[in-house]
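Take a look at the letters that make up each chain.
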Amino acid sequence: MRINYILTTVFTVILFCFTTASLAGDNGMITKKSNYSAKETIDRLEDVLKKKGITIALRWSHSDKANNVDIPLRPTVLLIFGNPKLGSNFFTSKQTSGIDLPMKALAWEDEKGQVWLTYNDPSYIAKRHGITNRDEVVKKMTGALDKFSYAATLSLIHISEPT
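Residues numbered from 1 in each chain as written. Predicted model: local features only at pLDDT ≥ 70, side-chain atom pairs only at ≥ 80, totals over all residues. Heavy atoms only, no water.

Draft legend 1. Representation of the side chain of Ser61 in the model. Relative to the helices and strands, Ser61 resides in strand E2 (residues 55–61). A distance of 3.3 Å separates polar atoms of two side chains, one belonging to Ser61 and the other to Ser63. In this view, Ser61 contacts Thr76 and Val77; residues no more than four positions away in its chain are not counted. (Helix = DSSP H or I, 4+ residues; strand = E, 2+ residues; numbered from the N terminus. Polar contact = N/O pair within 3.5 Å; in protein donor to acceptor, adjacent residues only side chain to side chain. Contact = heavy atoms within 4.5 Å.)

This is how it looks when you write it as structure tokens:
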């Protein structure tokens, strides 16, 4: 009985550390491990965003562009997307937030072949621009991005810096 309690406690602490690590990082990025290739991760993200009526501004393959000029780069794909109903609320508070919006998500493959999805944390963007009067918007953006990134990666684990 005591061993079950200890194991449950240890597991809970480990799970808490993994799922809240993105909050500990100070770089403003949330990174999730993906169960798919970089291309498929972005395909999945783009698909869910389009289904939700969110505008896709640009899809850019850094690795394709680099490889075209003979610079080897592991798969690295950027997606720029936005929802004016949410993002514009940041601009009406501080227009400088437009440098960080629309949102961006980057799917990239590390040296071990693991794919990650990284995006900017809306609360970090708000903090960076001194936006203190849009808590509900930040909350909505954060929740939506968490759901969208889960659909793209099928991963609940957030980390601030992949190892």
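Additional details are given in the paragraphs that follow.
Draft legend 2. How the structure looks around the pairing of strand E3 (residues 76–82). With respect to burial, E3 is a largely interior element, six of its seven residues being buried. Pairing between E2 and E3: six bridges, direction antiparallel. Among the inter-strand pairings, Leu58 is bridged to a residue of E3, identified as Ile80. Examined bridge by bridge, E3 and strand E4 (residues 103–109) share six bridges and lie antiparallel to one another. Directly across from Leu78, in E4, lies its bridge partner Leu106. (Buried < 20%, exposed > 50% of the residue type's maximum accessible area, 1.4 Å probe, protein only. Pairing = 2+ DSSP bridges.)

Draft legend 3. Spatial organisation of the pattern of salt bridges. The final tally for this structure, using the stated rule, is eight salt bridges. Close ionic contact of Glu111 with Arg74 constitutes a salt bridge, the shortest N to O distance being 3.9 Å. With a gap of 37 residues between them, Glu111 in the loop between E4 and strand E5 (115–120) and Arg74 in the loop between helix H3 (62–68) and E3 connect regions that are remote in the sequence. Take Glu111: its relative accessible area is 58%, and that puts it in the exposed class. One continuous salt-bridge network, built from bridges that share partners, spans Lys39, Asp43, Glu46, Lys50 and Arg59. (Salt bridge = Lys/Arg side-chain N within 4 Å of Asp/Glu carboxyl O.)

Draft legend 4. Spotlight on the layout of surface pockets. Its boundaries defined by the atoms lining it, the largest pocket holds a volume of some 310 Å³. In this structure, the largest pocket is lined by 18 residues; those nearest its centre are Ile54, Gly82, Asn83, Leu86 and Met141. Elements supplying a minimum of two residues to the lining of the largest pocket: E3, helix H4 (84–91) and helix H6 (135–153). (1 Å grid on protein atoms, 1.4 Å probe; cavity = no way out; pocket = protein on both sides within 12 Å on 5 of 7 lines; lining within 4 Å. Points joined across faces, edges and corners; volume = space filled by probe spheres on them.)

From the geometry alone we can't say anything about function, so treat these as descriptive.
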